[in-house]
Amino acid sequence: MKRIRFTWPVIALVVATATLASFSSRAARADTPDPLVAMFVWWNAAYKQKDGFTAESFSRYFTPDAVMRINGKDRCSGLEDLAQHFRDIQARTEMVVIDLPFLDEFTSPNGDRIFTHHFVRAREHGKNSRERVMGYASIKDGKISLINFVSVPDPSPDGTEKKNK
């Protein structure tokens, strides 16, 4: 009987210690953005620069074989393809912004996936639009190896879209 009484306090102490260690570890990382947030902070700034999207700049955040999949379709693969894809978007739009902080975000227990829910706002040919985006980024050696997002149009943030009756 004494052994059972001794075991439960020890188990409670171990669980409490593990929980506190987890919280302190998260708190220590709170000031350091995860790879997805860091990439989007860079991306928002790079969009505003004429030569912001290069394979070299993407290599700071993506693996050489990274894939970007949107709505089940692989849109780009590799650093040069990513850079060209976003240069094309940059050339045909007046503005694109990934809204930060995300609406929701969490990381898988082993840290290999970052799940997100966020908005992307844009202006193309003078027309504002907004996309609601959800999905995840796979992380390999601290870099993004896959972006797998679902994106759907969301009502215009400026309220100019007409409602169908």
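Look up: the structure comes first, before these words.
Residues numbered from 1 in each chain as written. Predicted model: local features only at pLDDT ≥ 70, side-chain atom pairs only at ≥ 80, totals over all residues. Heavy atoms only, no water.

### A word on the overall build of the protein
Inclusion rule: A run of H or I in DSSP becomes a helix once it reaches four residues, and a run of E becomes a strand once it reaches two; helices and strands are each numbered from the N terminus. Here's how the labels work: a residue is buried when its accessible area is under 20% of the maximum for its type, exposed when over 50%, partly exposed in between, all with a 1.4 Å probe on protein chains only. Any two residues whose heavy atoms approach within 4.5 Å at even a single point are treated as in contact. The accessible surface values rely on the Shrake-Rupley method and a 1.4 Å probe; as for residues, cover is taken only from the protein chains in view.
The secondary structure content of the protein amounts to 4 helices and 7 strands. A total of 165 residues make up the protein; the buried ones form 35% of that total. Contacts in the protein between residues at least 24 apart in sequence constitute 47% of all its contacts with a sequence separation of at least 6. Summing over all exposed atoms, the protein offers an accessible surface of approximately 10900 Å²; the carbon and sulfur share of this is 58%.

### Re the pattern of salt bridges
To be explicit about the condition: For this analysis, a salt bridge means a side-chain nitrogen from Lys or Arg found within 4 Å of a carboxyl oxygen belonging to Asp or Glu.
Overall, the coordinates contain 6 salt bridges when judged by the stated rule. Two residues, Arg87 and Glu80, come together in a salt bridge whose shortest N-O distance is 2.8 Å. Judged by relative accessible area, Arg87 falls into the partly exposed class, the value being 26%. A salt bridge links Arg121 to Asp99; the shortest N-O distance between them is 2.8 Å. Here Arg121, found in strand S5 (residues 113–124), pairs with Asp99, found in the loop between strand S3 (95–98) and strand S4 (104–107); they are 22 residues apart in sequence, far enough to count as distant. Through salt bridges with shared partners, one network takes in Arg130, Arg132 and Asp154.

### A closer look at the nonpolar core
Inclusion rule: Joining through side-chain atoms within 4.5 Å is the link that ties buried Ala, Val, Leu, Ile, Met, Phe, Trp, Tyr and Cys residues into a set, and such a set is a nonpolar core.
Within the largest apolar cluster, 33 residues are counted, with the highest numbers of intra-cluster contacts made by Leu36, Met39, Trp43, Phe58 and Phe62. Elements that contribute at least two residues to this core include exactly helix H2 (35–47), strand S1 (62–70), helix H4 (79–92), S3, S5, strand S6 (127–140) and strand S7 (143–154). Ranked by residues supplied to this core, first place goes to H2 with 8 residues.

### Things to note about H2
For an α-helix the count is 3.6 residues per turn, leaving residues at separations of three or four pointing the same way. To keep it simple, the criterion reads: The span expected for a helix works out to 1.5 Å for each residue beyond the first. Between N or O atoms, a polar contact is any pair within 3.5 Å; within protein, one atom must be a potential hydrogen donor and the other a potential acceptor, and residues adjacent in sequence are included only when both atoms are from side chains.
Here H2 spans 18 Å end to end across 13 residues, near enough to the 18 Å set by a 1.5 Å rise per residue. Buried residues of H2: Leu36, Val37, Met39, Phe40, Trp42, Trp43, Asn44, Ala46 and Tyr47, and no others. The distance from a side-chain oxygen at the start of H2 to the backbone nitrogen of Leu36 is 2.9 Å, and the residue carrying that oxygen is Asp34.

### Quick look at the pairing of S6
This is how the line gets drawn: Here, a strand pair is defined by DSSP locating no fewer than two bridges between the strands.
Where S5 meets S6, 12 bridges bridge the pair, whose relative direction is antiparallel. Within the sheet, the bridge partner assigned to Thr116 lies in S6 and is Gly135. Count of turn residues in the S5/S6 antiparallel hairpin: 2 residues, of which His125 carries a positive phi of about 55°. Where S6 folds back on S7, the antiparallel hairpin that results is connected by 2 residues, among which Asp141 adopts a positive phi of roughly 55°.

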